[in-house]
Amino acid sequence: MVHGGESNGCPSNSGAAGTRFDIIRQSLFISNDNMSTQTDTLLLDFPTHPLWTNVFVESHAKVVVPLRWSRVQVWGQISLMYGGTLSFGLVNYPFSEFELIAEELLMSDSMVKVYGALRLSVKVLLMWNSKLQIDGGQDPVVGSSLLEGSNLVALREGSVISSNSNLGVHGQGLLKLYGLGDIIKAQRLFLSLFYNIHIGTGSTLQAPLKDSSKMELITNLLCESPTCPEELIHPSEDCNVNATLSFTVQICRVEDIVVDGLVKGSVIHFHLARTVTINPGGLVTSSELGCRRGMGKGLISSNGAGGGGGHGGKGGPGFFNGHLTEGGEEYGNADLPCELGSGGGNSTSGGTTTGGGLIVMGSMEHPLSRLEIFGSMRADGESSKSIMESQNVDVMGGSGGGSGGSLLFFLQTLTLGNNSLLSSSGGHGGQPGGGGGGGGRVHFDWFNIATGDEYVPMAAVNGTILTRGGTGIDDGHDGKDGTLTGKECPKGLFGVFCEECPIGTYKDVNGSSEALCIPCPPEELPHRAAYTFVRGGVTKPSCPYECISDKYHMPHCYTPLEDLIYALGGPWLFGLLLSGLLVLLALVLSVARMKFVGTDEFSGPTPTPHESQIDHSFPFLESLNEVLETNRTEESQSHVHRLYFMGSNTFNQPWHLPHSPPDEITELVYADAFIKFVDEINSLAAYQWWEGSVYSILSLFAYPFAWSWQQWCRKKKFQQLREFVRSEYDHACLRSCRSRALYEGLKVAATPDLMVAYVDFFLGGDEKRPDLPPRLQQRFPMCIIFGGAGSYMAPYTLHSDNLLTSLMGQVVPATIWYRLVAGLNAQLRTVRQGRLHSTLMPVITWLGTHANYGLSLQGVQVDLAWFQPTASGYYQLGLVVNSVDEVAHTTPVSEFSNTISIEQLRTNDVCSYRQYVPCLGNSQYTHLSSTDRRINGAIINSFTLRCLKNQKDVLFPLSFVLRNTRPVGHQDLVGLIISILLLGDFSLMLLTLLQFYSISLGAFLVVLLILPLALLSPLPAGINALFSHGPRRSAGLARVYALWNVTSVVNVVVALIYGSVHYKIQSTSDEGAQNFHALNFSTEESGWWLFPTTLLLCKCVQAPMVDWHIANLEIQDRTLYSKDPAKFWES
């Protein structure tokens, strides 16, 4: 124990602590054993060889080194703990310079006092609730103090390093102020060479000391000078403490600086730093630390309110008692501000205010790499806080607010986070009538601004930047706003932060004004194009753009269709070229067709050699030259009766035979066996449900396929029936043993259109009936049912097979009969189901004027009639053949109570006839027959025709477009026109699809697939029809081509509907954006309907042309339409 003795009279002033030196450890211990004392322990000298290892000052010991120019150096550490105090120099003589060198300086609840200047050199400086006070006195000769902690300088728990003169803190490691109350402050403060500086929350770096009398001496150097000090723009790189510099706080050569607390000074400079981060709650400020007067000092009168200080904006005039006092004027350079803000008010009174200070980040040669601000940085002017002190406040107004200072940034990148603030605002005026201070200046000087593709945005600004003027009080005026500027931007960039000019503008000069971003020439922007973003901005008037959709092609943003049109010279030239090409191709196609097909479609009919076998069963029209006799005498001599199937051989009207055998064959068949035969036939003739379902589905999506499917099913069904009767059925219903044995008593045949079938009954040869078979006159009246259904694909035809021709040859020469068949078929082809009233009348007239004119000479007459009505209302049309003699007599023909003759049915009035027509729905019907009831039906004449019920289906409207007509001749011309229309149809179809593909892939698929394949099929169907051999085959294929043509109309209508909806929606959406300069389309789309509408017209023109073409193919003998009966028969 070497502590001082206790003082009973003054317990707080015990004796001074003694010293204890440990020679082994070479350490000095000074401890007062926690006894307070005001008496110092003197240390007059420290050895230099050998050096002491450690010095410990503990337990309220007070040690003083009183000598001037003393040097304290130890190998190890100097430790001050538990209230220990170490003083250098004398209080009344603060002019000495002291040097303290150690490995570590550790302070805990202790104090170091220096009177003079201190050179501290340690590796580690740790302070815990301790103070290091440097009092340099008022002598400017005293040098600046320098603290060097090469590895670590740390202040915690309210530790303070203070100096009333210049202070430099250097190091190579970390300087950290941990928290509340940790302060480093001096008149001028220089921090340098650290790797990292961290100012924690609640800690402070400050210079100058605001209550110091030297403060104005420092700021006055900048307040009256209109030029910017050189060290602010081009500071020295050595970072030494230099009292001649303008800075009050300089942080130099530090890699990373993090501010969570407060950095405060009149002129703050961050120099040669890499990254500065101001976190939320952190503040770097020079507010109210500028000039009290300054170049923009606000004026004041003896009886008025003070004007605000001016700087970046003019100070607001003060107004009081009717006196207006002008504010300070603007001064400084907005593009390189380095001035402090000016004060307002009267410096001789207590109400004067101070302007904002200056904060400089980086330098021209060494800008900061990155500045991140999430807290605040301020250089605001001071606001007047009270009424100006005066002997008479009633005649003296308030002082004006101080003007904002300057924030000068030399940066590479800047981040302003949310809720961050940069402010250089003017202070508010005082009451009453004080003017507001003018706003300060903020300037960003960007380093090495990259351009073009190398451009990277330099600033991410989400915070607030203020340079507003202060508010005038009462009648005082507000100060004007200050300036916010940036470095002159290169071409393509504008604004404070050198951002790219807005899309749709370009900038071809250097400068920062937004007005330099000139709108791009609108005439160079294609329709359906939008200006595109370009990194680094646009520097030329030819602004880059892109099409608004990938479906348009650069550079003109045309659709593929428009590319094609304009590549060929534009719409008009394209139309002319296309038309010429179509005509040329059509001519080539016609020539090729003539070469390939031959002359069978273009020449007239040629005679057929005698004895050649001609198939007269084809349901087309036959002229006299095409019809020759065929000797089927043997077959006709054994023929007894032809029994027609009922129904049209459709999925809902299949063929079926009546169960009751007609009277003509009752003696040839067994009744029970015949009924069984009919049941088997009817069962075989019925269709499966799925066959009708397939037909319904195909009818919905592709009707030509549905027709082909129906014909295939009909053909298959007919083959099954014929094969059944020919080989599978044992003919058990026939009485003739020979017929049963040879399978020759029954034969099934059908018209070529497979809509009418019949069973022919023949004698077996062993009946021994001299009255069988009956002669033709004995069969009268005899019915012949027409084939077809009065539709476009299956017109009504009289099918005269060889057997029927042979039978009729018994009374009518074959040539006359063939001529009759050809002429009647020419008339029947124009009959349309659904319009029977108007289309059957010419047939009835022709039968009376032409047919019976020639047949009456042979003793035969024919009449039009309907036959075999079914329960569903279906009936068949045909001829009733009778002898002229029988027609002249009245023959009972009804099994009912009423009797009616053929002649009476021809002449009966409509009302009396209605009860006999089953088509009207009456269950009764008239039998046109002799007493053996051979015919089941009724005569149709001009009177009874009106009672005939039209049968219309869902496809009836198509009959107005697709209908069988009379021939028009000019086959070559019609074929050429069809070729042109076919090629035009294909071209317009491709153009339409291309147009809708330019809308979207979905639009393309909708038009193409509704209905599926319909849009693509007319061309192959038409080519197939034009290049097929033979007029009959060509006519059939042409009908299929016509079906595809009409079916494809649905696709065109879908295209028109889709286009209308699409462009209506687009035009509606464009109305809201019509003022946006980048969207410059919608004018060309007004003609979108042109191609689909033209395609629709082309298809409408094709329909009648194909009808005429078919008529020309089927009717090659024009004399069939002769109005003179004599000429008709002569031909």
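Going by the structure above, here's the rest.
Rules used in this analysis
- Residue numbers restart at each chain and count upward from 1, following the sequence in its written direction.
- Reporting in this predicted model follows two pLDDT cut-offs: at least 70 for local features of residues, and 80 or more for side-chain atom pairs to be given and counted; totals over whole chains, interfaces and linings ignore these cut-offs and use all residues.
- Note: side-chain values were computed over all heavy atoms of the structure, leaving out hydrogens and water.
- Secondary structure elements follow DSSP: runs of H or I no shorter than four residues count as helices, runs of E no shorter than two count as strands, and numbering proceeds from the N terminus.
- Throughout, a contact is declared for two residues whenever any of their heavy atoms are within 4.5 Å.
- Each accessible area is a Shrake-Rupley result for a 1.4 Å probe, and residues are judged covered by the shown protein chains and nothing else.
- The definition of a nonpolar core used throughout is a set of buried Ala, Val, Leu, Ile, Met, Phe, Trp, Tyr and Cys residues joined through side-chain atoms within 4.5 Å.
- Residue exposure (1.4 Å probe, protein chains only): buried if accessible area is under 20% of the type maximum, exposed if over 50%, otherwise partly exposed.
- By definition here, a salt bridge exists when the distance from a side-chain nitrogen of Lys or Arg to a carboxyl oxygen of Asp or Glu is within 4 Å.
- Here, two cysteine sulfur atoms that lie within 2.5 Å of each other are counted as a disulfide.

Student: What is the right way to look at the overall build of the chain in this model?
Tutor: A count of helices and strands for the chain gives 23 helices and 51 strands. Looking at the chain alone, contacts between residues at least 24 apart form 65% of all its contacts between residues at least 6 apart. For the chain, the exposed surface amounts to about 47900 Å²; the carbon and sulfur share of it is 56%.

Student: It is not clear to me how the nonpolar core should be interpreted in this structure. Could you clarify?
Tutor: As a rule of thumb, soluble globular proteins bury nonpolar side chains together. Of all hydrophobic cores here, the largest spans 85 residues; its most connected members are Met361, Met377, Phe409, Phe444 and Trp446. It is strand β11 (residues 111-128) that provides the largest number of residues to this core, a total of seven residues. Beyond its immediate chain neighbours, meaning those up to four positions away, Met377 contacts Ile278, Leu283, Val284, Ile359, Met361, Leu407, Phe409, Leu421, Leu422 and Ser423. Core analysis: the second largest hydrophobic core is formed by 61 residues, Ala706, Ala794, Leu988 and Ile999 among them.

Student: When you look at the environment of Gly873 in this model, what are you seeing that I'm missing?
Tutor: Examined against the element boundaries, Gly873 turns out to sit in the loop between β49 (860-867) and β50 (876-883). On the basis of relative accessible area, Gly873 is assigned to the partly exposed category, the value being 29%.

Student: I would appreciate a short explanation of the pattern of salt bridges in the present structure.
Tutor: Counted under the stated rule, the structure contains 13 salt bridges. With a shortest N-O distance of 2.8 Å, Arg642 and Asp760 are connected by a salt bridge. Of this pair, Arg642 sits in strand β45 (residues 639-644) while Asp760 sits in strand β47 (residues 757-762), placing them 118 residues apart in sequence. For the residue pair Arg642 and Asp760, the accessibility class agrees, reading buried in each case. Put simply, Arg642 and Asp801 hold a salt bridge, and the shortest N to O gap is 2.9 Å. Of this pair, Arg642 sits in strand β45 while Asp801 sits in the loop between β48 (782-785) and α11 (802-808), and the two are 159 residues apart along the sequence. A single burial state applies to Arg642 and to Asp801, both of which are buried. Among the ionic contacts, a cluster of salt bridges with common partners joins Glu255, Asp256 and Arg274.

Student: I'm lost on the side chain of Thr85 in this one. Help?
Tutor: As for its position among the elements, Thr85 is in strand β8 (residues 85-88). With near-sequence residues (within four places) excluded, Thr85 lies in contact with Val57, Ala61, Lys62, Val63, Leu80 and Met111.

Student: Got a minute to help me understand unusual backbone geometry in this structure?
Tutor: Generally, phi is negative for residues other than glycine and the peptide bonds are trans, each holding for most cases. Cis geometry is adopted by the peptide bond preceding Pro208, which originates at Ala207 and carries an omega value of 5 degrees. For the peptide bond that leads from Met554 to Pro555, omega is 5 degrees, which places it in the cis range. Looking at the secondary structure, you find Pro555 in the loop between β44 (545-547) and α3 (560-567). In this structure, His60 is a non-glycine residue whose phi angle is positive, near 65 degrees.

Student: Got a minute to help me understand the state of the cysteines in this structure?
Tutor: Note on terminology: disulfide describes a covalent bond linking the sulfur atoms of two cysteines. With the rule as written, the count across this model stands at seven disulfides. Between Cys239 and Cys252 runs a disulfide, and the two sulfur atoms are separated by 1.6 Å. Placement of Cys239 in the loop between α2 (230-233) and β21 (249-252) and of Cys252 in strand β21 is noted, with a sequence separation of 13 residues between them. The same class applies to Cys239 and to Cys252, which are both buried. Cys1098 takes part in no disulfide bond, and the closest cysteine sulfur, belonging to Cys1100, lies 9.2 Å away. Given the relative accessible area of 9%, Cys1098 is considered buried.

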